[in-house]
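Structural overview
Listed below are the residues making up each chain.
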Amino acid sequence: MIGDPARDDVKMGALASRQHQRDVGAQVDRLRADCEVLFGVADSAAPAGVDPDRGAFFAPVLLYADRPQSVASVHEVEAFGPVTTLMPYDDLEQALSLAALGRGSLVATVVTHEPEVATQLVLGLTSHHGRCLVLDRECAEESTGHGSPLPLLKHGGPGRAGGGEELGGIRAVHRHLQRCAVQGSPTMLTAVTGEYVRGGRVTESEVHPFRRYFEDLRVGDSLLTHRRTVGEADIVNFGCLSGDFFYMHFDEAAARASQFGRRIAHGYFVLSAAAGLFVSPAPGPVLANYGIDTLRFVKPVGIGDTIQARLTCKRKIDRPGRSAGDPGQGVVAWDVEVTNQDGAVVASYDILTLVAKRPA
């Protein structure tokens, strides 16, 4: 029912304006020349609870195109209102070809409960649509319809539909920002961006970086650790502790036949051993490990290899207190580079720690 949206029984309100109403009517007239009207007539709006002359009401119209492959108007004319045209197809490939004739749209809806059908259609539709809504019996009840923009997306589509795409989260923001690439030495890039770039100048001192409060830490504060040689007992003990008995760590013959040519240490043992090299064990400003980003195991570590770590303050994120008298705390991202006895990088990652602020 169309009419006053304040009424509980009304499901559809008015169009945006009288001009909009006239435009939709004109487009429907063009479509009716090539299509059969299955439901509704353009001038049949009888809105509930409101004078029809006081709103741009338009009744829903359902059309049917018997030969959609040979009728251009059903693909070229868009009646931007409550108007739908049914188009028959013989198989999914023909359905995709019909969708392509529309030359792009904001959103397409695929209604199916068959994963294989959904996969084929979504892969075929993505080049012509900004977003695809897959509607099945599990999500149908909570779906708001494909025309409702999602809160984290910028609503746009390829082709004539908007010249954009559906952009989620930070990607949508990037479209509205001016961006510039900066080229320079790692030290200069660190100074310009305020974030440590590996290879740049670091600052070392007798005070362990983990012993500094958040306010006292500076980007570039760094620690080069002592060394540790990995033995077979390390691998066996870590395997027993973790339950990880992967053959590359324990099967001498299989490991020798592998691309590494020898048994190697667990990647997570390397992380743990590196932490043992750079962590300051006594209570201090560092409160907790917050996470690990950008982790890569670059080169294997074998029995007899010697590892060393460099820990550098990469980035600081302030977190103000939530109440008066609460100084809050900060998040510090540390660049970690683990190398072997030849100076080759074996592991690279960022660790995030919660760091206390100086007491008032």
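Right, let's walk through the structure included here.

Scoring rules and cut-offs
Residues numbered from 1 in each chain as written. Predicted model: local features only at pLDDT ≥ 70, side-chain atom pairs only at ≥ 80, totals over all residues. Heavy atoms only, no water. Disulfide = S-S within 2.5 Å. Pairing = 2+ DSSP bridges. Helix = DSSP H or I, 4+ residues; strand = E, 2+ residues; numbered from the N terminus. Axes fitted to C-alpha atoms, helices over the stretch in contact; angles between N-to-C directions. Core = buried A, V, L, I, M, F, W, Y, C linked by side-chain atoms within 4.5 Å. Buried < 20%, exposed > 50% of the residue type's maximum accessible area, 1.4 Å probe, protein only. Contact = heavy atoms within 4.5 Å.

A separate point is the state of the cysteines. Here the structure, examined in full by the defined rule, presents zero disulfides. Looking at Cys-139, it has no disulfide partner, and the nearest cysteine sulfur is the one in Cys-132, 13 Å off.

Before going further, it helps to spend a moment on the sheet that holds strand E1 (residues 36-39). Across the sheet, three strands lie side by side as E1-E2-E3; this open sheet has mixed pairing. Each edge of the sheet is formed by a strand with only one pairing partner; in this case those strands are E1 and strand E3 (83-86). Sheet twist, expressed as the average angle between the axes of neighbouring strands with direction ignored, equals 30°. Summarising the sheet, strand E2 (residues 61-64) and E3 pair through four bridges and their orientation is parallel. For Leu-63, the partnering residue across the bridge sits in E3 and is Thr-85.

Below, the discussion takes up the nonpolar core. Core analysis: the largest hydrophobic core is formed by 29 residues, its most contacted members being Phe-278, Trp-334, Val-338, Tyr-349 and Ile-351. The set of elements that each furnish at least two residues to this core consists of helix H7 (232-242), helix H10 (267-278), strand E12 (306-319), strand E13 (329-339) and strand E14 (345-356). Per-element accounting of this core gives the leading share, seven residues, to H10. What Tyr-349 contacts, discounting residues up to four positions off in sequence, is Arg-198, Leu-271, Ala-274, Phe-278, Ile-292, Asp-293, Thr-294, Leu-295, Trp-334, Asp-335, Val-336 and Val-338. Grouped together as the second largest cluster of nonpolar side chains are 15 residues, Leu-15, Leu-63, Ala-65 and Ala-79 included.

Because side chains alternate across E2, one face comprises the buried residues Val-61 and Leu-63, and the other comprises Leu-62 and Tyr-64, none of which is buried. Here three bridges tie E1 to E2, and the two strands are oriented antiparallel to one another. Looking at the pairing, Glu-36 lines up with Tyr-64 of E2.

Even without being glycine, Thr-294 reaches a positive phi, approximately 55°. In this fold, Thr-294 is placed in strand E11 (residues 286-297).

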